Amino acid sequence: MRHFTYRTLSELQQEADRIGARHVQFEEDPERIKSILARPVQVGGMRVGNSIAIHPMEGCDGTPDGLPDELTFRRYERFGSGGAKLIWFEATAIREDGRANPRQLWLHEKSLPAIARLLETALNAHREAYGSADDVLAPVQLTHSGRYSVPRRIIAHHNPVVDAKTNVAADHPVISDDELERIEDDFVEAARLASRAGFRAIDLKVTHGYLLSELLGARLREGRYGGSLENRTRMIRNVFGKVRAALGKEMMLCMRLGCYEGVPYQSDPATGVGVPLPYPAPYPYGFGNQADDPLTEDLAEVRQAVGWFREWGLELLNVSLGVPYFNPHVGRPFEKPDEGNYEPPEHPLLGVDRHFRIAGELQRAFPDIPIVGTGYSWLQVFAINAAARNIADGNIRFYGAGRNALAYPWFARDALEKGAFDGRQVCRTVTFCTYLMRQKHHPWGQYPTGCPPYDKEVYGPIIKQARQR
Ligand SMILES: Cc1cc2nc3c(=O)[nH]c(=O)nc-3n(C[C@H](O)[C@H](O)[C@H](O)COP(=O)(O)O)c2cc1C
Ligand code: SF4
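Anyway, here's the lowdown on the structure attached to this text. (Residues numbered from 1 in each chain as written. Chains lettered and ligands numbered in written order. Predicted model: local features only at pLDDT ≥ 70, side-chain atom pairs only at ≥ 80, totals over all residues. Heavy atoms only, no water.)

**What about the overall build of the chain?**
Alright, step 1. The number of helices and strands found in the chain is 17 helices and 14 strands.
Alright, step 2. The C-alpha radius of gyration of the chain comes to 21 Å, within 12% of the 23 Å expected for a compact globule of 469 residues.
Alright, step 3. Taken along the three principal axes of its C-alpha coordinates, the chain extends 55 × 50 × 50 Å.
Alright, step 4. Across the 469 residues that make up the chain, the buried fraction comes to 61%.
Alright, step 5. In the chain, once contacts between residues fewer than 6 apart in sequence are set aside, the share between residues at least 24 apart is 72%. (Helix = DSSP H or I, 4+ residues; strand = E, 2+ residues; numbered from the N terminus. Rg over C-alpha atoms; globule rule 2.2 N^0.38 Å. Buried < 20%, exposed > 50% of the residue type's maximum accessible area, 1.4 Å probe, protein only. Contact = heavy atoms within 4.5 Å.)

This is how it looks when you write it as structure tokens:
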């Protein structure tokens, strides 16, 4: 079903009001939009040049050894010249068996020079366009894909509903405490490599169902990493502590945190619309879920955990939601699902509203930690109006663009120069990028992804080939 039919901001605002998406508000004046988005943001000891971020966006286009390849360099060149001052480098595995796909970037001794060149490519493109990159912050997202690692899944605990959705047998072994401790050291080693590659900030990926976020929901796990919130956050505390000990305050600590996980969905065979898989109540899994009603968030533990992360050194927080493998409408509200996936079970504006509500609540609870907001792309040209309003109202410090950065890498330049987006270039959330991400029948086991509708020259032939195969 098509939802996005709004020609004007007031039509969209009326719809938001009608359905109760009350956190979706807009700034109308392009001059104010320009000045709000141009505001520098203080992050730890650094003044970041404006309030616009590009989210971590994987292209699944590395080499089998985890090095960036031609399309990876192209993407970061475009991101660098686009005008955003916070350029968040995509999910980069800390070890080979922690990759979510066989072309995911992977930091190791041999990939280090190429990953260093990738960073330089983005910064040089920025310097060429704007004279200097001194006010650009570029964290690299360090990840272990846990349950979604290929070829071998690594499970932090069993959640029968997620196990059913991801085809994991009830007797699949759970990773031991000792192995988790070794993985902590792999994170620290990757942070060292990142530092040698020139990164001044690392991000721990604690979202989207990957290892560190699965641990946050491991209430029924026994041992040092399960049960209490102290135990479930132990790995993060240890990694932050060890990175600080190894690299000092020179390395900024950032996090992408899944602040509400939700439950797995499947397609209703009669309607094609998403419905939750049957789940037990209370639901003792996930993070940020209300136990009695996991379709709704409960941020009590999230606030407690973020307070600890701040004590352990966190300086920048990127708020994300949901798990793309089992409830993609939560993380990235969309107009059209990737082929074969379910139609959204809620109006996408309610998904946008959930993002704004949760980020706003956390930003107000932690005014000293700048928060990067997510979930704007569905708003198309009006994303910029919502972003400016959320910044002006103190709901976020950075507007983060995910899919829109693939479709329209120069969105930030237009935002800053015109206070408006170009309607011919914005992402329409029609999800071909995710379709490509899910295509594995490539000789390297993974198709590269990008934006076929708006970056046609490169990704048009790629999607055609993926379909033919
Ligand atoms: C193709 C693609 C690649 C992505 N790669 C990453 C990633 O590497 N790390 C991450 O945390 N999120 C990743 N995401 C999620 C986005 O960063 C973002 O949270 C999501 O698209 C919602 O924001 P949007 O509405 O602006 O698109 C990816 C999403 C897509 C569609
Ligand atoms: S394929 Fe392009 S237009 Fe479609 S959701 Fe992805 S970035 Fe947006």
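**Focus: helix 13 (residues 383-392)**
Alright, step 1. The element helix 13 is largely enclosed, with a buried count of eight among its 10 residues.
Alright, step 2. Taken together, the buried positions of helix 13 are Ala383, Ile384, Asn385, Ala386, Ala387, Ala388, Asn390 and Ile391.
Alright, step 3. On its buried side, helix 13 packs onto helix 1 (9-19), helix 2 (30-37), helix 12 (348-365), strand 14 (398-401) and helix 15 (411-418).
Alright, step 4. Positive phi shows up at Gly394, right after helix 13, with a value of about 80 degrees.

**Quick word on the site of ligand 1**
Alright, step 1. Lining the immediate surroundings of ligand 1 are 23 residues, of which Glu58, Gln141, Ser377, Gly402 and Arg403 lie closest.
Alright, step 2. Within the backbone of Ala91, one N or O atom sits 3.1 Å away from an oxygen atom of ligand 1.
Alright, step 3. For ligand 1, whose unbound accessible area comes to 620 Å², protein coverage reaches 96%.
Alright, step 4. Mapped by element, the contributors of at least two residues to the shell around ligand 1 are strand 5 (89-93) and helix 16 (432-437).
Alright, step 5. Per-element accounting of the shell around ligand 1 gives the leading share, three residues, to helix 16. (Near = heavy atom within 4 Å. Polar contact = N/O pair within 3.5 Å; in protein donor to acceptor, adjacent residues only side chain to side chain. Areas by Shrake-Rupley, 256 points an atom, 1.4 Å probe, with all protein chains shown as cover.)

**Looking at the side chain of Gln363**
Alright, step 1. By the element assignment, Gln363 lies in helix 12.
Alright, step 2. Among residues more than four places away in sequence, those in contact with Gln363 are Ile369, Pro370, Ile371, Gly394, Asn395, Ile396 and Arg397.

**Topic: the environment of Arg237**
Alright, step 1. Relative to the assigned elements, Arg237 resides in helix 9 (residues 234-247).
Alright, step 2. Residue classification places Arg237 among the partly exposed positions, given a relative accessible area of 32%.
Alright, step 3. The sequence separation of Arg237 and His172 amounts to 65 residues, and the corresponding C-alpha distance is 27 Å.

**Describing the pairing of strand 8 (residues 201-206)**
Alright, step 1. With respect to burial, strand 8 is a largely interior element, six of its six residues being buried.
Alright, step 2. Residues Ala201, Asp203 and Lys205 of strand 8 are buried on one face, and the alternating residues Ile202, Leu204 and Val206, pointing to the opposite face, are buried as well.
Alright, step 3. Direction of pairing for strand 7 (residues 140-143) relative to strand 8: parallel, over a ladder of three bridges. Bridge pairing in strand 8 links Gln141 to Asp203.
Alright, step 4. Pairing of strand 8 with strand 9 (residues 252-258) involves six bridges; the strand directions are parallel. When the bridges of strand 9 are listed, Asp203 appears paired with Cys254. (Pairing = 2+ DSSP bridges.)

**Thoughts on the nonpolar core**
It is characteristic of soluble globular proteins that their nonpolar side chains tend to be buried jointly.
Alright, step 1. Judged by nonpolar contacts, the single largest core of 114 residues is most densely connected at Phe89, Met235, Ile236, Leu257, Tyr399 and Phe411.
Alright, step 2. With residues up to four places along the chain from it excluded, the contact list for Met235 reads Leu180, Ile183, Glu184, Phe187, Leu211, Leu212, Leu215 and Tyr225. (Core = buried A, V, L, I, M, F, W, Y, C linked by side-chain atoms within 4.5 Å.)

**Examining the pattern of salt bridges**
Alright, step 1. Scanning the model with the defined rule gives 33 salt bridges in all.
Alright, step 2. Between Arg75 and Glu90 there is a salt bridge; the shortest N-O distance is 2.8 Å. Of this pair, Arg75 sits in helix 3 (residues 70-81) while Glu90 sits in strand 5, and the two are 15 residues apart along the sequence.
Alright, step 3. Owing to a relative accessible area of 6%, Arg75 belongs among the buried residues under this scheme.
Alright, step 4. Judged by relative accessible area, Glu90 falls into the buried class, the value being 2%. (Salt bridge = Lys/Arg side-chain N within 4 Å of Asp/Glu carboxyl O.)

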